[in-house]
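# Structural overview for review
The primary structure of each chain is shown beneath.
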Amino acid sequence: MKKFNENARVKLPCILHLTRLGYKYLPLKHAVRDKQNNIFTDIFKQSIVAINPNATPEDINRLLTDIKLMLDYDDLGKAFYKRLTDTTTSLKLIDFNQFENNQLHVVTELTYKKEGEEFRPDITLLINGMPLIFIEVKAPSNKDGIQKEYDRAKQRCENKKFKHFINITQFMLFSDNLEYSDTFRHQGTFYATTSQHQPIFNNFREQQPQTDVLQPLQQTTKNTILQDNNLLEIQSTPEFATNKSSDTPTNRLCTSLLSKKRLAFILRYGIVYVEKHEIQKHIMRYPQLFATLAIEQKLKKGERKGIIWHTQGSGKTALTYYNIAYLTDYFAKQNIIPKFYFIVDRLDLLQQATNEFKQRGLVVHQIDSRQALVKAMKSTEAIHNARGQTEITVVNIQKFKDDTDVISKNDYNINIQRIYFLDEAHRSYKPEGSFLADLMQSDRQAIQIGLTGTPLLGDKYDSKSIFGDYIHKYYYDASIKDGYTLRLIREEISTQYKMDLQQALKEAEISIDSLKSSHIYAHPHFVQAMLDYILNDFVESRMRFEDNTIGGMVVCDSSEQARQMYNLFKQDNHNLSAALILHDEETKAERKEKIEQFKDNQIDLLFVYQMLLTGFDAPRLKKLYLGRGVKKHNLLQALARVNRPYKQFQYGYIVDFADISEEFNTTNQAYSRELQAQFGDELHYDESILFLSAQEAQQQIEHIQTVLASFDINNKEIFLQQIQAIEDIAKIKEIQKALDNAKSLYNLIRLHDYHNLLTKLDFHTLKILYNEVSVHLSRLNSKQDIATGEVDLINTAVEDVLFDFTKTGESELILETKIQQAIRQVREALASNIDPKDPEYVKLEKALKKLFQKMQLMESNLVKLEQLKKQVDELNQQNDLIKAQYDNDAKYVRIHKRILEQNPQIDIIAPLQEVKKQADIQIKQNSHLLDNESYFEKDMMRVIYNEFNQHAIELNAEIYRTISRLVVQEYIAYY
């Protein structure tokens, strides 16, 4: 089954599934579109009139002109998205109130092209003629999983030539039709929105299966789609029957995200632009989506309180933002105006939340005084700004913790609904005589939604008794599996260092019994010893990870220790930078500036005591030096500071000065018991997943030792000779994975008693071995592909193979980038060729291989690549012209060319067109015809003889047999 490929296995079954979701299949051959942005103008005009009955042709033409202008902005499509989702304008682009009124189409192989560069998504979805979504699929047997799509998505988003296409695209789906893997990140089904750089691929796990969204698949629809894609021959195969099931991973993702109700929800409420140093576009994660739907269900039942329990790092501030947009419309349908409050219990969280909301475009009112809160609560206005923008009030209750009567009951405006989101609902909200009691008394109709990453774990004030039942839950183990958070490695400080600390205490002649421990730990002798360890470890970590962008945070035992450590840091001779972040150190603005500088990689280390241990989100923070004991939920939150995904890191690292192991075990077990008590049999929480255990590490290290046992890793030259003698790609991949895993586990190797591996392997050697194995693997892949001579060679990203370029300056770096880009363009152009047996194709492919094998950093090679790209484009254009003669059937391009190669004098187009019609009709009527190859060949011989004779073309029997054989081989190849 030569063509058991992504088209037959994934793409066509997915398109058929989309028609069951209400999308109409649209053949491209007669479609009218604007190639600058791929808007199907005829459909667009019809759709706009349908949902805007008063629209004139002039109105619609102006609208199209406005859209073209918006798509040219350097704003990642923000202006267009605002216009797309605007429901107040007199001329709507989408009818969100009656989504059935919109026209939904699905097309395949739609070319996105500009200035000689192009890409062609497998599937594109049109809403009212606008290409808002595309889908890329891979066959499950694809060796790289979704990794290649991950790389291509980055290239497309960064390519300024594709700006119009990226700006109009709202989100993308990627699938290799496999279930998720816990060990291979790029396997499964993913969704992402566009980006200026690398899009973020999100998992999706359905939690509210939709019923009655799938229509029956019509036989005529199936035939039309298969015939238009010239794949009628696959319809009777058992594989096709399996792959068009609604339960395949690809089709499940389409149902979850692209059914009409979900699609309307995501487009209107699930996308947000975030203005940081550069504009970002975010899309709802699936826990945020289902939490939002759960809140709505809660409200419909008349319930007004509840808890969202989402693990740290899952985006609770973003969840609040999405709900502001959603609940505003929810209450608008009831002629009620909601008034939103986000309540925190610390000044740093107030500022952080304010920044997060402002970056998402909200008008934010900060409340940090009693007078301001009373005024805000008594106001019966929902909107305070002149422009009518959506607002939220952020309140810091720390200012009111001692007040017993902050808010008095006021006259309630029945047209206003107050909604409180209470951050960190596991702490600080005591129900008696406090801010919370007054808040509840001030408006008994208010909606209260508690947000927490951890439960209270049996403390005096139980969150659930205050805020009610859980609305939605999302735990650590799921977050780690989804890639939103990382596992942690706890680094116990060395025995020698513990002895150094004890010696430091003796030298200071401090008696532990006579002074407070905080004084002891703030003594210069103790602090200097601790600081020395931190600085040495931090510098060494950057060297091990080969990444100078990672940051560190030192959680001190007291504010006195933090100040002392920072002062000693400034006196030490090093090339690092640091900041001291304490609530009473410098002004709020100065602290804010330093925090932002840390996030931007301008500061290496932060010294803190109590600040930044919750809510602080800096993905580059990968080393947490824990110098004091932290209890219960505070411990889990502090640890979560280093669990954000960053580059290729697999773990976050905790350097444990305070010996948190016992407290963590106690806390994590209590966390697990709390989950078990609340959710019983529905719980699937794995309490061991947060930290990589020593036992797991030992097992992995033993596996690494087994894999490397037959290699001399003490002598790099001998090791390389051994590796280069291996031709088995699977074996080399196993060695590469072992070395990569050892690199990640190095801290545990170094800190524990794994002498067998530690004596054989140091990080420096390990990195060299890993790099050499990776280079050898790339060479093997290229060598294998070159040997096969098939199109798969060209699909290998040859520009990513390491070249022996010697760079001496900026101009060489620029040239290298240009050459790699040129190779990519030639590769992609060759990969899109539909006839690899064409002698001209073979010649061009050989030219690329020859040039690739001799590649040097030379201007002349860049010129050769550009010439080669031009020749490939011309060949592809010729193929496209031939394909158009046969209803875009690539099979007949190859048949056409093979016939003419042997018989150039024959005028074959007209009779061959009729042969195609007859063959397709017979296969449509009897899909099992291809099961009997000899019968099919005899039948085709008859058809070919009749059609050529009717066109007055007389051929000898051998030529008839040749043509018949070519036709049958092409159909059987797909079958």
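Structural data are supplied above this passage.
Residues numbered from 1 in each chain as written. Predicted model: local features only at pLDDT ≥ 70, side-chain atom pairs only at ≥ 80, totals over all residues. Heavy atoms only, no water.

### What to know about the environment of asparagine 567
As a reminder of what qualifies: Per the convention used, a helix needs a DSSP run of H or I reaching at least four residues, while a strand needs a run of E reaching at least two, with both numbered from the N terminus. Exposed residues in this analysis have more than 50% of their type's maximum accessible area, buried residues have under 20%, and partly exposed residues fall in between, with area computed by a 1.4 Å probe over protein chains only.
Position of asparagine 567 among the secondary structure elements: in helix α21 (residues 559-571). For asparagine 567, a relative accessible area of 35% gives the class partly exposed. For the pair formed by asparagine 567 and leucine 580, sequence separation is 13 residues and the distance between their alpha carbons is 9.3 Å.

### Re the sheet that holds strand β7 (residues 171-175)
Our working rule: Two strands pair under a simple rule: DSSP has to find at least two bridges between them. By definition in these notes, contact holds between two residues if any of their heavy atoms fall within 4.5 Å. Interaxial angle, 0 to 180 degrees, is taken between N-to-C directions of lines fitted to C-alpha atoms, where a helix line uses only the stretch in contact.
Across the sheet, which stays open at both edges, the 6 strands sit in the order β1-β2-β5-β6-β7-β8 with mixed pairing between neighbours. Bordering the open sheet on either side are β1 (24-25) and β8 (189-192), each of which pairs with just one other strand. One ladder, built from 2 bridges, connects β1 with strand β2 (residues 104-108); its direction is parallel. Bridged to lysine 24 within β2 is histidine 105. Strands β5 (123-127), β6 (130-137), β7 and β8 of the sheet are contacted by helix α9 (residues 249-258), whose axis makes an angle of about 160 degrees with β7.

### Points about the nonpolar core
We count it as follows: Nonpolar core, defined: a set of buried Ala, Val, Leu, Ile, Met, Phe, Trp, Tyr and Cys residues in which side-chain atoms within 4.5 Å join the residues together.
Formed by 156 residues in total, the largest nonpolar core has its most connected members in Leu18, Phe44, Phe80, Ile135, Leu173, Leu258 and Leu263. If one sorts the elements of this core by residue count, helix α12 (residues 316-332) sits on top with 9 residues. In terms of nonpolar packing, the next biggest core, distinct from the first, is built from 33 residues, Tyr651, Ile726, Leu766 and Val773 among them.

### Re helix α10 (residues 260-269)
When you tally the buried positions in α10, you get 9 out of 10 residues, the bulk of the element. Among the residues of α10, those classed as buried are Lys260, Arg262, Leu263, Ala264, Phe265, Ile266, Leu267, Arg268 and Tyr269.

### Re α21
Stated precisely, the cut-off is as follows: A helix is expected to reach a length of 1.5 Å times the quantity of its residues less one.
The end-to-end C-alpha distance of α21, which contains 13 residues, comes to 19 Å, matching closely the 18 Å that a straight helix rising 1.5 Å per residue would cover. Residues of α21 that are buried: Ser559, Gln561, Ala562, Met565, Tyr566, Leu568 and Phe569.

### Examining the pattern of salt bridges
The test is simple: The rule for a salt bridge is simple: a side-chain nitrogen of Lys or Arg has to be within 4 Å of a carboxyl oxygen of Asp or Glu.
A full pass over the atoms with the stated rule returns 50 salt bridges. Between aspartate 228 and lysine 29 there is a salt bridge, with its nearest N and O atoms 3.9 Å apart. You can see aspartate 228 sitting in helix α7 (residues 219-228) and its partner lysine 29 sitting in the loop between β1 and α2 (41-51), a full 199 residues away along the chain.

### Remarks on unusual backbone geometry
It is generally the case that most residues other than glycine have a negative phi and that most peptide bonds are trans. We note that asparagine 601 has phi near 65 degrees; this positive angle belongs to a residue other than glycine. Tracing the backbone shows asparagine 601 in the loop between α22 (588-599) and β21 (605-608). Unusually for a residue other than glycine, aspartate 887 sits at a positive phi of about 55 degrees. Among the structural elements, aspartate 887 can be located in the loop between α34 (859-885) and α35 (890-902).

### Let's talk about the environment of asparagine 601
A residue is classified by how much of its surface remains accessible, and asparagine 601, at 34% relative accessible area, is partly exposed. For asparagine 601 and glycine 551, which are 50 residues apart along the polypeptide, the C-alpha to C-alpha distance reads 7.5 Å. If sequence neighbours within four positions are ignored, asparagine 601 has contacts with Arg542, Asn548, Thr549 and Arg620.

### So, the packing of helix α1 (residues 6-20) against α9
To be explicit about the condition: Left-handed describes a crossing whose near helix is turned anticlockwise from the far helix by less than a right angle; the clockwise case is right-handed. When residue character is reported, Ala, Val, Leu, Ile, Met, Phe, Trp, Tyr, Cys and Pro are called nonpolar, Asp, Glu, Lys and Arg charged, and the others, Gly included, polar.
In the contact formed by α1 and α9, the axes pass within 10 Å of each other and the chain directions differ by 35 degrees. Here α1 and α9 pass one another in a crossing that is right-handed. Along the contact surface, α1 presents Val10, Pro13, Cys14, His17 and Leu18, while α9 presents Thr250, Asn251, Cys254, Thr255 and Leu258. Residues belonging to the contact of α1 with α9 are distributed by class as follows: 6 nonpolar, 4 polar and no charged.

### Describing the packing of aromatic side chains
Here is the rule: Two rings belonging to Phe, Tyr or Trp (six-membered ring only in the last case) form a pair when the distance between their centres is within 6.5 Å. Interplanar angles under 30 degrees mark stacking, angles over 60 mark edge-to-face geometry, and anything in between is tilted. Each ring is checked for a lysine NZ or an arginine CZ that lies within 6 Å of its centre and within 35 degrees of its normal; such an atom marks a charge sitting over the ring.
Tallied over the entire structure, the rule returns 38 aromatic pairs. For the pair phenylalanine 545 and phenylalanine 649, a centre-to-centre distance of 5.1 Å together with 75 degrees between the ring planes defines the contact as edge-to-face. Here phenylalanine 545, found in helix α20 (residues 524-545), pairs with phenylalanine 649, found in the loop between α23 (632-639) and β23 (651-656); they are 104 residues apart in sequence, far enough to count as distant. Taken individually, phenylalanine 545 and phenylalanine 649 each receive the classification buried, so the pair is uniform in this respect. Grouping aromatic residues by their ring pairs yields a cluster made of Tyr112, Phe119, Phe134, Phe162 and Phe165. If you follow arginine 620 out to its NZ or CZ, it ends over the ring of phenylalanine 598, 4.7 Å from the centre. The ring of tyrosine 971 is capped by lysine 891, whose NZ or CZ atom sits 4.8 Å from the centre of that ring.

### Regarding the environment of leucine 830
Relative to the helices and strands, leucine 830 is located in helix α32 (residues 810-831). Residue classification places leucine 830 among the buried residues on the basis of a relative accessible area of 1%. Sequence separation between leucine 830 and tyrosine 841 is 11 residues; the distance between their C-alpha atoms is 7.9 Å.

### Topic: the packing of α35 against helix α36 (residues 909-925)
Filter applied, for reference: Oblique is the label for every angle not falling under 35 degrees (roughly parallel), over 145 degrees (roughly antiparallel), or within 65 to 115 degrees (roughly perpendicular).
Contact geometry for α35 and α36: axes closest at 12 Å, N-to-C directions at 140 degrees. By the angle between their directions, the pair α35 and α36 is classed as oblique. For the pair α35 and α36, the crossing hand works out as right-handed. In this structure, α35 contributes Tyr892, Ile895, His896 and Ile899 to the contact, and α36 contributes Ile909, Leu912, Val915, Lys916 and Ala919. Of the residues assigned to the contact of α35 with α36, the class counts are 7 nonpolar, 1 polar and 1 charged.

### Description of the side chain of serine 541
To keep it simple, the criterion reads: Each polar contact in these results corresponds to two N or O atoms within 3.5 Å; when the atoms are within protein, one needs to be able to donate a hydrogen and the other to accept it, and residues that are neighboring in sequence are counted only if both atoms are side-chain atoms.
Relative to the helices and strands, serine 541 resides in helix α20. Under the relative-accessibility criterion, serine 541 is labelled buried at 0%. Separated by 3.1 Å, the side chains of serine 541 and lysine 623 make a polar contact. Dropping the residues within four chain positions of it, serine 541 is found in contact with Ile550 and Lys623.

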